[in-house]
Amino acid sequence: MTTDQPPTIPIDVPARHGLLSVLFSEAVTPDTRLQCSKLSGSAFGKSLSAPQFLEREALLGTHPLAVGTRWRFWNLTLAEASAGNDDDNEEGAKVVALCKTLHRDLLIRDERGTRREQGYCLCSVVTDDEYRGRGLASVLLGKVAEWMDGEGGAVASMLYSDVGDFYVSKGWDMLDALQSTLTVPPSLAPGEKSAKLPTTRLLDADEIPALAERDIQDLETEFRNADLSPDTTLLTVLPTPDMISWLQTRADFMNTKLAGQTPKAKGSICESAGAWVYWFHDLHARKLTIQRVKLPQTQTQAGELATIQAVGALLLSAVEEAARWKTTKAVIWNPGPEIRGATRYLAEEFGIGVEEERRETKNIPCLRWRGDEKKRTRVWPNEYYAWS
Ligand SMILES: CC(C)(COP(=O)(O)OP(=O)(O)OC[C@H]1O[C@@H](n2cnc3c(N)ncnc32)[C@H](O)[C@@H]1OP(=O)(O)O)[C@@H](O)C(=O)NCCC(=O)NCCS
């Protein structure tokens, strides 16, 4: 049990057939955490078997992004001990609703300057299907928001909604959910075409921490120098080494279990331009996801073509990597003008299919400021690396 465990709070939720008495608490005993993981698996673990899902939970729980109290499980249990729990192997009250908070390092620039702050990603929001539609998820989110605003010390939190604007009435605002999808062509252009582009090489996992630290330093400089109107706040989740490796660890696990192999290359770098990308493979869904595109540091107008070619070379190496693993597409979230310029270049010069779209229903990023404060905010970069 953690020493800073918040107290258990009894709540009566008005329901159609009278009050439902539940307890809000953090799940800290192995037993309740197991119940939570099982409930989580029932909603989000579809491609894994139940034991595989639990194994993934255990693995991710040891990751540096999650250790200690960085990954907290919050739950509502039925108020009467053991009430409704029909699983003979489990003791204690039945978990009827769950969500998790996972640590985030935020970078913020506002009228007070540029600084790092504590934040969270809220994930795995689920209510036992027998108890849905009674307001349990709403109550749980309210309590967790209260904790984040107070003891949790967060200035802001993000989540990724699969349930439309459900979270809007709970304080979260929906952000842009744009994406570009590159389709791997039946055959890639011959070498002389790519000879026009700057050289890239593939990245191993152990090279990423140092690059991520460089990326963070450059982002801090970019934030400090940003031309920002006084009423706007600039915010990003920092692409820390732990952030990047969390998703790669998760993907390695999935690829091992579902495809029996784990690709070694985790990204690509164009050293001459000081630009790189990180990615992870989903061999089962035949998709490569680009977590982060680190642009060349100096982007003058004269260097526009050079930037497009450097980013184009990196994205081409992502498409080549996707082709090597017989995956069909590479996806980038919220591409800026340089990335869109590079994807257009790849379409024209290399015949790579590019689709630009707005996600309407899946993985919509949402942001909530402490105390439901509403302020004009630009979240940038808002790429896949921050997803959980
Ligand atoms: C979404 C979920 C957590 C809601 O739990 P709940 O305890 O029934 O929620 P509440 O009773 O507090 O609120 C029900 C609300 O959820 C909305 N909702 C439920 N499923 C939804 C869906 N698939 N799409 C959009 N809205 C949905 C209902 O319309 C209702 O909206 P209202 O508050 O405006 O009336 C639950 O349906 C669930 O566990 N779904 C499966 C897991 C999931 O998709 N989680 C969200 C991932 S981002």
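Reading guide: rules and limits
Residues numbered from 1 in each chain as written. Predicted model: local features only at pLDDT ≥ 70, side-chain atom pairs only at ≥ 80, totals over all residues. Helix = DSSP H or I, 4+ residues; strand = E, 2+ residues; numbered from the N terminus. Rg over C-alpha atoms; globule rule 2.2 N^0.38 Å. Contact = placed C-beta atoms within 7 Å. Pairing = 2+ DSSP bridges. Axes fitted to C-alpha atoms, helices over the stretch in contact; angles between N-to-C directions. Core = buried A, V, L, I, M, F, W, Y, C linked by C-beta atoms within 7 Å. Buried ≥ 20, exposed ≤ 12 C-beta atoms within 10 Å, placed from the backbone. Domains from an automatic or database assignment. Expected span 1.5 Å × (residues − 1). Near = placed C-beta within 6 Å. Nonpolar A, V, L, I, M, F, W, Y, C, P; charged D, E, K, R; others polar. Arc of directions from axis to C-beta. Parallel < 35°, antiparallel > 145°, perpendicular 65-115°, else oblique. Left-handed = near helix turned anticlockwise from the far one by under 90°.

(A) Quick look at the overall build of the protein chain. When you go through the protein chain residue by residue, the secondary structure sums to eight helices and 17 strands. Taking 2.2 N^0.38 as the reference for a compact globule, 388 residues should give roughly 21 Å; the C-alpha atoms of the protein chain span a radius of gyration of 22 Å, in line with that estimate. If one aligns the C-alpha atoms of the protein chain with their principal axes, the spans along those axes are about 70 × 50 × 35 Å. Sequence-distant contacts in the protein chain: of pairs separated by 6 or more residues, those separated by 24 or more amount to 74%.

(B) Local environment of the sheet that holds strand S11 (residues 267-270). Judged by pairing direction, the sheet is mixed, and its seven strands sit side by side in the order S9-S11-S12-S13-S14-S8-S15 without closing on themselves. Only two strands of the sheet have a single neighbouring strand rather than two, namely strand S9 (201-203) and strand S15 (353-358). Taking the axes of each pair of neighbouring strands and ignoring which way they run, one obtains an average angle of 25 degrees across the sheet. Bridge count between strand S13 (residues 287-294) and strand S14 (residues 329-333): four bridges; the pairing is parallel.

(C) The environment of Gly 312, seen in detail. With respect to the helices, strands and loops of the structure, Gly 312 is situated in helix H7 (residues 304-324). Separated by 66 residues in the primary sequence, Gly 312 and Arg 378 place their C-alpha atoms 26 Å from one another. When sequence neighbours within four positions are dropped, the list of residues in contact with Gly 312 reads Leu 197, Ala 342, Tyr 345 and Leu 346.

(D) Representation of the nonpolar core. The biggest cluster of nonpolar side chains holds 96 residues, and the ones touching the most others in it are Leu 140, Val 311, Leu 314 and Ala 318. Composition of this core by domain shows at least three residues from each of domain 1 (9-103 + 120-154) and domain 2 (178-358). Apart from the residues within four sequence positions on either side, Val 311 is in contact with Ala 275, Val 293, Leu 295, Glu 338, Ile 339 and Ala 342.

(E) Examining helix H3 (residues 136-149) more closely. The end-to-end C-alpha separation of H3 is 20 Å, in line with the 20 Å expected for 14 residues at 1.5 Å each. Of all the positions in H3, only Leu 136, Ala 137, Leu 140, Leu 141, Val 144, Ala 145, Trp 147, Met 148 and Asp 149 are classed as buried.

(F) Representation of the site of the ligand. Lining the immediate environment of the ligand, one finds 17 residues, of which Thr 127, Arg 132, Ala 137, Ser 138 and Val 163 sit closest. Mapped by element, the contributors of at least two residues to the shell around the ligand are strand S5 (113-127) and H3. Taken together, the residues that form the shell around the ligand break down as eight nonpolar, six polar and three charged.

(G) Just the domain arrangement of the protein chain, in detail. Domain assignment breaks the protein chain into domain 1 (9-103 + 120-154) and domain 2 (178-358). Across the side of domain 1 that touches domain 2, the residue classes tally to five nonpolar, three polar and one charged.

(H) Molecular detail of the pairing of S15. Counting buried residues in S15 gives zero out of six residues, a small share hidden from the surface. Here strand S8 (residues 178-183) pairs with S15 via six bridges, running antiparallel. Paired with Gln 179 across the two strands is Glu 357, which belongs to S15.

(I) Seen up close, the environment of Ala 210. Structurally, Ala 210 can be placed in helix H5 (residues 208-225). For Ala 210, a count of 10 C-beta atoms within 10 Å corresponds to the exposed category. Sequence spacing of Ala 210 and Arg 224 is 14 residues, and the spatial spacing of their C-alpha atoms is 22 Å.

(J) Quick peek at the environment of Ile 339. Within the element layout of this structure, Ile 339 appears in helix H8 (residues 337-350). Overall, Ile 339 belongs to the buried group, with 23 C-beta atoms counted inside 10 Å. Through-space distance from the C-alpha of Ile 339 to that of Ser 180 is 9.1 Å; in sequence the pair is 159 residues apart. Contacts of Ile 339, omitting those with residues within four sequence positions, involve Ser 180, Val 293, Val 311 and Ile 332.

(K) How the structure looks around H8. In this model, H8 (14 residues) spans 19 Å end to end at C-alpha, consistent with the 20 Å of a helix rising 1.5 Å per residue. Along H8, the residues that are buried comprise Ile 339, Ala 342, Thr 343, Tyr 345 and Leu 346. Summarising the axial view, the buried residues of H8 lie within an arc of 155 degrees, below the 170-degree limit, and thus occupy one face. Every exposed residue of H8 that faces more than 90 degrees away from the buried side is listed here: Pro 337 and Glu 348. In this structure, the buried side of H8 is in contact with S8, S13, H7, S14 and S15.

(L) Seen up close, the packing of H5 against helix H6 (residues 241-259). It is the contact of H5 with H6, at a shortest axis distance of 8 Å, that shows an interaxial angle of 130 degrees. With respect to each other, H5 and H6 are oriented oblique. Here H5 contributes Ile 208, Pro 209, Ala 212 and Glu 213 to the contact with H6, which in turn contributes Pro 241, Ile 244 and Ser 245. Of the residues that constitute the contact of H5 with H6, the class distribution is five nonpolar, one polar and one charged.

(M) Looking closely at the packing of H7 against H8. Contact geometry for H7 and H8: axes closest at 8 Å, N-to-C directions at 70 degrees. Considering their axes alone, H7 and H8 lie roughly perpendicular with respect to each other. The chirality of how H7 crosses H8 is right-handed. Contact with H7, carried on its side by Thr 307, Ile 308, Val 311, Gly 312, Leu 315 and Leu 316, involves Glu 338, Ile 339, Gly 341, Ala 342, Thr 343, Tyr 345, Leu 346 and Phe 350 of H8 and no other residues of that element. In terms of residue class, the contact of H7 with H8 is built from nine nonpolar, four polar and one charged.

(N) Quick look at unusual backbone geometry. Cis rather than trans, the peptide bond between Trp 380 and Pro 381 has omega equal to -5 degrees. Residue Asn 363 is not a glycine yet carries a positive backbone phi of 55 degrees. Considering the arrangement of structural elements, one finds Asn 363 in the loop between S15 and strand S16 (364-369). With a phi close to 60 degrees, Asp 372 is a non-glycine residue in the positive phi region.

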